[in-house]
Amino acid sequence: MRGKSAGRRPDPLPPDFEPALYLDLNADVAMAIEAGAIASAQEHYRLFGRREGRPYRPPAASAALGGGIAGPGTYRYPYGTWPDLPPIAFAAPRPGPEDARIAHRLIAAWRSGAGRSPVQADSEGMWAARTQGFSAFHGALRHGDAGVLADLLNNLFQSHLAHGIAMGRTMATLARHAPDPFAASWCDRLLRLSEALGLAPIRSPEQGEFAAPLAGTLAHHGEPARIEAELGFPLAFPDVGAPFGVRYGAGILPEHAFSHAYAAWRIGQLGSFERVVEIGGGFGGLAWFLRRPGRRYTILDLPFTNVLQGWFLLKAGLDVSLAGEPEAAVRVLPWWEIERDETYDLAINQDSLPEMPPETAAMYIARIRAIAPLFCSINQEAAAPNTDAFRQVVVPDLVARDGGYRRLSRNLFWMRDGYVEEIYARR
């Protein structure tokens, strides 16, 4: 999103412009308003939104599945339709008697790291807006308001707090207005997982009708018992943070869970690691699927994201410790704790290194080599613009410049087009 432009004559608003809906559909604009960078939804659209092609109303799903909602990279094959598309289900926030206790712990942990970060907020690349927007969230942390914090986090996956780490408020808004493309996208991820596990055959564009609609029902392509037997763990998502997706098994399974479950399965194929560290843990989804008796799992991330991870994993019932607490099986810590004098069996980074400032990403690559003999990377390599100051980094380039690794494997990521999974060993 661009900043203010002095002297530019603002464009008029469309007659059906709704400010609240515009902010629902444009998370970065909502964050910029909270951070004070722009005055209102109306001002942003007049000055920038029209020229940038910003949506101010949900696009309609057309006869070609997806219409203006789902891009060409959404689906594994060029399907025209899925049979028997399932409905999208939205969980309601689930407050509980444990909320106040968890929220107070999160506030104490956040405060223990406040002011101790070695870098300033404006040097955190794409994630800088998280430390400047979300006034209600940060106000609850600063003022110790456990009730407000719990209310916000109970609706995590349908709010902008999840933007960039899960589907969030924008995707929830689109899914409510045009559910079929999202149901088809969810089914596509289920099919990808079935293919990766060897439970469904891969179509070949050189043989037969590659683009024909799928035959059979959703259950035929992704029966829970078969998939879970192959994964070696339940494909179940906790009822935490108001997730939305498709009812699968006993609960709602959000689309982003498929990538985490697949990554957990691939890591399980590498070995039964007792000590695992994840750099940039999202909302804690991979930690959820990698939970095992006897495993010690550490997440290192921005303090803002630590709050989301701590909430999700604690509400899900895991044994979790936060910054400043006695250590538990799962530790959620600020990123600078990577300098601790301890080692791990495996380090993981999924979908975050490219979004860091180059010097920060290079620091992580060097430090990972020092603390773990194996490094699993699942990231994109687009080198797209990150901020006005730099472009996104590419993990193999960082590794090559570091010089301390040898690559053991490199494969396309089954669950998401444009992503690569790599395993590196320390030299």
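Quick caveat: nothing in here was measured; it's all calculated off a predicted structure.

Rules and cut-offs
Residues numbered from 1 in each chain as written. Predicted model: local features only at pLDDT ≥ 70, side-chain atom pairs only at ≥ 80, totals over all residues. Heavy atoms only, no water. Pairing = 2+ DSSP bridges. Helix = DSSP H or I, 4+ residues; strand = E, 2+ residues; numbered from the N terminus. Axes fitted to C-alpha atoms, helices over the stretch in contact; angles between N-to-C directions. Parallel < 35°, antiparallel > 145°, perpendicular 65-115°, else oblique. Contact = heavy atoms within 4.5 Å. Nonpolar A, V, L, I, M, F, W, Y, C, P; charged D, E, K, R; others polar. Phe/Tyr/Trp six-rings, centres within 6.5 Å; stacked < 30°, edge-to-face > 60°. Buried < 20%, exposed > 50% of the residue type's maximum accessible area, 1.4 Å probe, protein only. Salt bridge = Lys/Arg side-chain N within 4 Å of Asp/Glu carboxyl O. pLDDT = per-residue confidence, 0-100. Polar contact = N/O pair within 3.5 Å; in protein donor to acceptor, adjacent residues only side chain to side chain.

One open sheet accounts for eight strands, arranged β6-β7-β5-β4-β8-β9-β11-β10; its pairing is mixed. A strand with exactly one partner marks an edge of an open sheet, and here the two such strands are β6 (320-322) and β10 (405-412). Taking the axes of each pair of neighbouring strands and ignoring which way they run, one obtains an average angle of 20 degrees across the sheet. Relative to strand β7 (residues 330-334), strand β5 (residues 296-301) runs parallel, the two sharing five bridges. Within β7, the position partnered with Asp-301 by the bridge is Pro-334.

Looking now at the packing of helix α7 (residues 146-153) against helix α14 (residues 303-315). As a packed pair, α7 and α14 sit with axes 11 Å apart at the nearest point and diverge in direction by 75 degrees. As summarised for this structure, α7 and α14 are arranged roughly perpendicular, according to the angle between their axes. For the pair α7 and α14, the contacting residues are Leu-149, Ala-150 and Leu-153 in the first and Val-307, Leu-308 and Trp-311 in the second. By residue class, the composition of the contact of α7 with α14 is six nonpolar, no polar and no charged.

Next up on the list: the packing of aromatic side chains. Counting across every chain of the model gives 24 aromatic pairs. Measuring from ring centre to ring centre gives 5.4 Å for Phe-90 and Phe-244, while their planes differ by 15 degrees; the resulting arrangement is stacked. Of the two residues, Phe-90 sits in strand β1 (residues 89-90) while Phe-244 sits in strand β2 (residues 244-248), which places them 154 residues apart along the sequence. On the accessibility criterion, Phe-90 (25% relative accessible area) is partly exposed. Using a relative accessible area of 4% as the deciding quantity, one classes Phe-244 as buried. The interplanar angle of 80 degrees and the centroid separation of 4.9 Å between the aromatic rings of Phe-157 and Phe-283 together place this pair among those described as edge-to-face. With Phe-157 in the loop between α7 and α8 (168-177) and Phe-283 in the loop between β4 (275-279) and α13 (285-289), this pair connects stretches of sequence that are 126 residues apart. Exposure remark for Phe-157: the relative accessible area of 2% places this residue in the buried category. Residue Phe-283 is classed as buried on the basis of its relative accessible area, which comes to 1%.

Considering all chains together, one arrives at 25 salt bridges under this definition. Taking the shortest distance from any N to any O, the salt bridge between Arg-54 and Asp-28 comes out at 2.8 Å. Placement of the pair is Arg-54 in the loop between α3 (41-52) and β1 and Asp-28 in helix α2 (residues 27-35), with a sequence separation of 26 residues. Accessibility expressed as a relative area gives 16% for Arg-54, which makes it buried. The network of salt bridges with common partners includes Asp-188, Arg-189, Arg-192, Glu-255 and Asp-417.

This paragraph deals with the environment of Pro-118. Locating Pro-118 in the fold gives a position in the loop between α4 (99-113) and α5 (128-132). Judged by its relative accessible area of 57%, Pro-118 falls in the exposed class. Beyond its immediate chain neighbours, meaning those up to four positions away, Pro-118 contacts Trp-335 and Trp-336.

A positive phi angle is found at Asp-351, which is not glycine, with a value near 60 degrees. Position of Asp-351 among the secondary structure elements: in the loop between β8 (346-350) and α15 (358-371). In this structure Asp-351 comes out as partly exposed when scored by relative accessible area, which is 22%.

Turning our attention to the confidence of the model for the protein. Predicted confidence across the protein gives a mean pLDDT of 88, with 87% of residues reaching 70 or more. Every residue in residues 1-6 scores below 50 in pLDDT, and together they form 14 contacts with partners more than four places removed in sequence or on other chains.

Bringing the side chain of Glu-421 into the picture now. Residue position: Glu-421 is located in strand β11 (residues 419-426). When its relative accessible area of 7% is taken as the criterion, Glu-421 is described as buried. Separated by 2.7 Å, the side chains of Glu-421 and Arg-266 make a polar contact. Contacts of Glu-421, omitting those with residues within four sequence positions, involve Tyr-262, Arg-266, Ser-377, Ile-378, Ser-409, Arg-410, Asn-411, Leu-412, Phe-413 and Trp-414.

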